[in-house]
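Here are the chains, one letter per residue:
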Amino acid sequence: MSVPPAKPTNSQPAPSGTGPSPAVMPTYGRVDVVFERGEGTWIISTTGDRYLDFASGVAVNALGHAHPKLVAALTEQAHKLWHSSNLYRVAAQEKLAESLCKVTFAEQVFFCNSGAEACEGAIKTARRYHYVSGRPERWRLVTFKGAFHGRTLATIASAGNAKHLEGFGHPADGFDLVPFGDLAAAEQAITSETAGIMVEPVQGEGGVNVPPPSWLKALRDLCDRSGLLLVLDEVQTGMGRTGALFAHEAAGITPDVMAVAKGLGGGFPIGAVLATKEAAKGMVPGTHGSTFGGNPLAAAVGCAVLEAVTEPGFLDQVRNMSLRFKQMLAALKDEFPHVIEDVRGSGLLVGLKLKPPAGDVGNACIAEKLLTVGAADNVLRLLPPLNVKEEELAEAVHRLGRAFRRLPAPA
Ligand SMILES: *Cc1c(COP(=O)(O)O)cnc(C)c1O
């Protein structure tokens, strides 16, 4: 009997700077650095380099790294029970659902594990609502160009990004895409088959696109006039990121259904579909499910994050820091008009529309030990943790300036 040759063992975690392991599917173009631990707004690599983290795991680490209250919530739950199953009641999940309902428009919550799943769940909720209302023909959603709702087959179809759809067969049917911010186009796209409108209050991946202030209100009115559900994707904008607990609050409206994830777990994977009781009326036993959704560990951390973000004064501080940051960035734009075209965003979801390629600027930031995130439309996102300190904002702006000086002089 032939024995297969022993595979090389790799008991040590990969050090920074040796290139990514070929054992991981290369679906991401990764920066060649491995992070080992984090403290607040700082994240430290295996080589001991300290980076100022203005990526926050793409708007995930809402309270920074290793927040003592989150560490305590997770470890306390870890000593008791990791997983039981949604075949039984889950105490922490019930608590998180009730807390979310208390502070939002929602009356019911479904838990899942990611933003894409939350969007999928929201789409299914909207379709089922019309189905059980005797209108099964209403199953399509009006969605928007430049949107990002995740990487599942339905969510890539809902956003219509050609790069994300290529090679994956016919896009899932049921989505009618119109330009973001174009009310007339949204209205014209509505047919007797439309179930609702799904939209991000601010497009994150799409380039930190802030719509006109009346936009969400107009979409709400349009849904009300046409008997449609308004489905908001607050996966990136939610949990305080824009300075309100959820971005739609600033528009003075509420949705019928909302997808939440990213910041909700502060770094632990969790997603949620929030809905009014009416909008969720089709989601009865057997219609939807998730093995891990709302698992005790995720829910315990979610409770701790929500508690921190809704503490009196927390969101005021986010708005204050946003204001200070935008002032600092406006001054930076004056100093580097050949680099920054525009500063945009809402709260601590900030985008720099750049003149040189955003990828080059992002790399220069890495060289200055500052983490940022790219977005479409040549935008560099700055997503500090929501509890960022003013001196850390100043330090980030300082590092941005140094990164800009690394760029080749404009022709
Ligand atoms: C990140 C994101 C998603 C997808 O979340 P995943 O957890 O990666 O599936 C969906 N919608 C928006 C607005 C996002 O920013």
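Residues numbered from 1 in each chain as written. Predicted model: local features only at pLDDT ≥ 70, side-chain atom pairs only at ≥ 80, totals over all residues. Heavy atoms only, no water.

Visitor: Residue-level account of the layout of surface pockets, with values.
Guide: Approximately 690 Å³ is the volume attributed to the second largest pocket. Lining the second largest pocket we find 28 residues, and of these Gln93, Val109, Phe110, Phe111 and Met283 sit closest to its centre. Per element, the largest residue contribution to the lining of the second largest pocket is 5 residues, and it comes from helix α3 (residues 91-103). Looking at the lining of the second largest pocket residue by residue, the class counts come to 13 nonpolar, 11 polar and 4 charged. (1 Å grid on protein atoms, 1.4 Å probe; cavity = no way out; pocket = protein on both sides within 12 Å on 5 of 7 lines; lining within 4 Å. Points joined across faces, edges and corners; volume = space filled by probe spheres on them. Helix = DSSP H or I, 4+ residues; strand = E, 2+ residues; numbered from the N terminus. Nonpolar A, V, L, I, M, F, W, Y, C, P; charged D, E, K, R; others polar.)

Visitor: Can you break down the pattern of salt bridges residue by residue, with the values?
Guide: Note on pairing: side chains with opposite charge can pair once their charged atoms come close. Scanning the model with the defined rule gives 22 salt bridges in all. With a closest N to O distance of 3.3 Å, Arg344 and Asp377 form a salt bridge. Here Arg344, found in strand β11 (residues 340-346), pairs with Asp377, found in the loop between β14 (373-375) and β15 (379-382); they are 33 residues apart in sequence, far enough to count as distant. What makes Arg344 buried here is its relative accessible area of 16%. (Salt bridge = Lys/Arg side-chain N within 4 Å of Asp/Glu carboxyl O. Buried < 20%, exposed > 50% of the residue type's maximum accessible area, 1.4 Å probe, protein only.)

Visitor: If you had to explain the sheet that holds strand β6 (residues 175-178) to someone new, which residues and values would you point to?
Guide: Within the open sheet, the 7 strands sit side by side as β4-β10-β9-β8-β7-β5-β6. Their pairing is mixed. Strand pairing shows two members of the sheet lacking a second neighbour, β4 (108-112) and β6, which therefore form its edges. The sheet shows a mean angle of 20° between the axes of neighbouring strands, taken without regard to direction. Bridge analysis of strand β8 (residues 229-233) against strand β9 (residues 257-260) gives 3 bridges, and the strand direction is parallel. Residue Asp233 lies in a different strand from β9, and its bridge partner there is Ala259. (Pairing = 2+ DSSP bridges. Axes fitted to C-alpha atoms, helices over the stretch in contact; angles between N-to-C directions.)

Visitor: How would you explain the domain arrangement of the protein if you had to name every residue and give the values?
Guide: Taken domain by domain, the protein consists of domain 1 (69-309) and domain 2 (313-353 + 360-382). Measuring from the centre of the C-alpha atoms in domain 1 to the corresponding centre in domain 2 gives 26 Å. Across the boundary between the two partners, domain 1 contributes 18 residues, which contact 17 residues of domain 2. Buried area between domain 1 and domain 2, summed over both chains or domains, comes out near 1,300 Å², and the portion from carbon and sulfur atoms is 59%. Our enumeration of links across domain 1 and domain 2 arrives at 1 salt bridge. In this structure, Glu205 engages Arg381 in a salt bridge whose closest nitrogen and oxygen atoms are separated by 2.9 Å. For the pair domain 1 and domain 2, the interface holds 7 residue pairs in polar contact (both at pLDDT 80 or more). For the side of domain 1 that touches domain 2, the class distribution of residues is 7 nonpolar, 9 polar and 2 charged. (Domains from an automatic or database assignment. Contact = heavy atoms within 4.5 Å. Buried area = accessible area lost by both parts, 1.4 Å probe. Polar contact = N/O pair within 3.5 Å; in protein donor to acceptor, adjacent residues only side chain to side chain.)

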